[in-house]
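# Tertiary structure, described
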Amino acid sequence: MKFWSLLLAGVLLSGCAHSQSSANPMPKHHLPDGTFRNNYLESIDKPFTDLIKWRWNSQTPEPLSFPLADNDPEFLRQNRTEPTLTWVGHATFLLQYRGVNILTDPHLTRRASPVSFAGPERSTPPGISLEDLPEIDLVVISHNHYDHLDRITVQKLYERQQSNPPRFFVPLKQKAWFDDLGIPNVVELDWYGQDSLGEWNIHAVPVQHWTSRSPWDRNQVLWAGWVLEHPEFRFFFAGDSGYSQDFRDLGERFGSFDLAALPIGAYNPRWFMKAAHMNPEEAVRIHQEIGAAYSVGMHWGTFQLTDEPMDEPPQLLREALRQAGLPEDRFFVMQHGETRRLDFLESRPNTAQAGD
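Calculation criteria
Residues numbered from 1 in each chain as written. Predicted model: local features only at pLDDT ≥ 70, side-chain atom pairs only at ≥ 80, totals over all residues. Heavy atoms only, no water. Helix = DSSP H or I, 4+ residues; strand = E, 2+ residues; numbered from the N terminus. Buried < 20%, exposed > 50% of the residue type's maximum accessible area, 1.4 Å probe, protein only. 1 Å grid on protein atoms, 1.4 Å probe; cavity = no way out; pocket = protein on both sides within 12 Å on 5 of 7 lines; lining within 4 Å. Points joined across faces, edges and corners; volume = space filled by probe spheres on them. Nonpolar A, V, L, I, M, F, W, Y, C, P; charged D, E, K, R; others polar. Pairing = 2+ DSSP bridges. Axes fitted to C-alpha atoms, helices over the stretch in contact; angles between N-to-C directions. Parallel < 35°, antiparallel > 145°, perpendicular 65-115°, else oblique. Left-handed = near helix turned anticlockwise from the far one by under 90°. Contact = heavy atoms within 4.5 Å. Expected span 1.5 Å × (residues − 1). Arc of directions from axis to C-beta. pLDDT = per-residue confidence, 0-100. Salt bridge = Lys/Arg side-chain N within 4 Å of Asp/Glu carboxyl O. Phe/Tyr/Trp six-rings, centres within 6.5 Å; stacked < 30°, edge-to-face > 60°.

Structurally, tryptophan 200 can be placed in strand β10 (residues 200-205). Judged by relative accessible area, tryptophan 200 falls into the buried class, the value being 1%.

The full count for this structure, using the stated rule, is one cavity of 30 Å³ or more. Here the largest cavity defines a volume of roughly 90 Å³. Around the largest cavity, the lining is made up of 15 residues, and of these Ala266, Trp300, Gly301, Phe303 and Glu308 lie nearest the centre. For the lining of the largest cavity, the class distribution of residues is seven nonpolar, seven polar and one charged.

Pairing is mixed across the open sheet formed by seven strands, whose spatial order is β8-β7-β6-β5-β4-β3-β16. In this open sheet, the two strands that pair with only one neighbour each are β8 (186-189) and β16 (339-341). Direction aside, neighbouring strands of the sheet carry axes that sit 20° apart on average.

So, on to the packing of helix α8 (residues 280-289) against helix α9 (residues 312-324). For any two helices packed against each other, one specifies the crossing angle of their axes together with the interaxial distance. Where α8 meets α9, the axes come as close as 8 Å, and the angle between the chain directions of the two elements is 50°. What the angle tells us is that α8 and α9 run oblique. Here α8 runs over α9; the crossing is right-handed. For the pair formed by α8 and α9, the contact residues are Pro280, Glu281, Val284 and Gln288 on the first element and Pro313, Leu316, Leu317, Ala320, Leu321 and Ala324 on the second.

Let us now look at α9. Along its 13 residues, α9 runs 18 Å from first to last C-alpha, staying within 8% of the 18 Å computed at 1.5 Å per residue. The complete set of buried residues in α9 reads Pro313, Pro314, Leu317, Ala320 and Leu321. Down the axis of α9, the smallest arc covering the buried residues is 120°, so these residues share one side. The outward face of α9, more than 90 degrees from its buried face, is lined by the exposed residues Arg322 and Gln323.

Averaged over the chain, the pLDDT score is 90; the fraction of residues at 70 or greater is 87%. Counting contacts from residues 351-356, a segment whose pLDDT is below 50, to residues more than four positions away or on other chains yields 13 contacts.

Tallying each qualifying case throughout the model produces 17 salt bridges. Of the charged contacts, one joins glutamate 232 and arginine 98 as a salt bridge, the two residues approaching to 2.5 Å between their closest N and O atoms. With glutamate 232 in the loop between β11 (225-230) and β12 (233-237) and arginine 98 in the loop between β4 (92-97) and β5 (100-104), this pair connects stretches of sequence that are 134 residues apart. Judged by its relative accessible area of 43%, glutamate 232 falls in the partly exposed class. With its nearest N and O atoms 2.8 Å apart, the salt bridge here joins arginine 270 to glutamate 282. Of the two residues, arginine 270 sits in helix α7 (residues 270-273) while glutamate 282 sits in helix α8, which places them 12 residues apart along the sequence. Residue glutamate 282 is classed as buried on the basis of its relative accessible area, which comes to 10%.

What follows deals with the packing of aromatic side chains. Taken as a whole and judged by the stated rule, the model has 16 aromatic pairs. With 5.4 Å between their ring centres and 25° between their planes, tryptophan 87 and tryptophan 300 make a pair best called stacked. You can see tryptophan 87 sitting in strand β3 (residues 84-89) and its partner tryptophan 300 sitting in the loop between β14 (292-298) and α9, a full 213 residues away along the chain. With relative accessibility at 0%, the residue tryptophan 87 sits in the buried group. Plain terms: the ring middles of tryptophan 271 and phenylalanine 272 are 5.4 Å apart, the flat faces sit at 75° to each other, and that makes the pair edge-to-face.

Here it is in structure tokens:
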């Protein structure tokens, strides 16, 4: 059991800079061997010895279970008019806006793992069950780590809507995984590629991370953040990322965002996690650099993945907001299962330009 836990932790969490260079006309993040790198840190490829060092010295806190908010699945199933955001847990949100139901990185099962008997286990149940979800129109997948791309959840989403399947938007080279499962209606995008669904424009954008679902496929599939643009609303879903210049670039490219979903957990120890996972202080900096009117914290309180206590990220977020002179309601956290009506966006503040 310890062997499996160590191996799965390596697949989920390892990462550091590994240099490769080439002189060819391919985009900078494409490497000659068909793998991918980051814009500002090259490839993240931590040696197994660093994983052993971390785990050997780690004193991982006991997992915590957080109470679920009272939820109204019937309202969510019927709602096609009122803008809402529901936090299912970890990086999974249900966003309802102008009649479209959007799901981010859907994970609603027990473990973030390729096997049922080992690997990171959910300590807080999903805030809403698969069965209680409304019909989903659009799904974005940030990358293929097991806590963000869950085979059982994805298959069940498709099976319950085979006559009208959701459209999945995935990073480059991820579509083959869906093809193998027999799941259609998948759009694969490279960084800064875009597509549309109804009134929505969907953009894949660079973030700093890496991919792997086994010890042998490091960075063979791309990772991405997602910008979802409606004529009246712009949403950014960061997926999973370390802090990088990519976010300042994002702010300069899009100008501002009405709402951003930013990770605030899985950041310690910093020597091991910094390249791939931002901490709350960095998340607040990103909130400012992308010109977000509001942000919501994610990637905490669901799986005990790293060395910080599971209830620490919201505490550090409050302190980071205080240090930055920002009101707490501008970057908020939600209770698992909480549905928040987005009527506050109607009076959203003017956001500073990125870099101000």
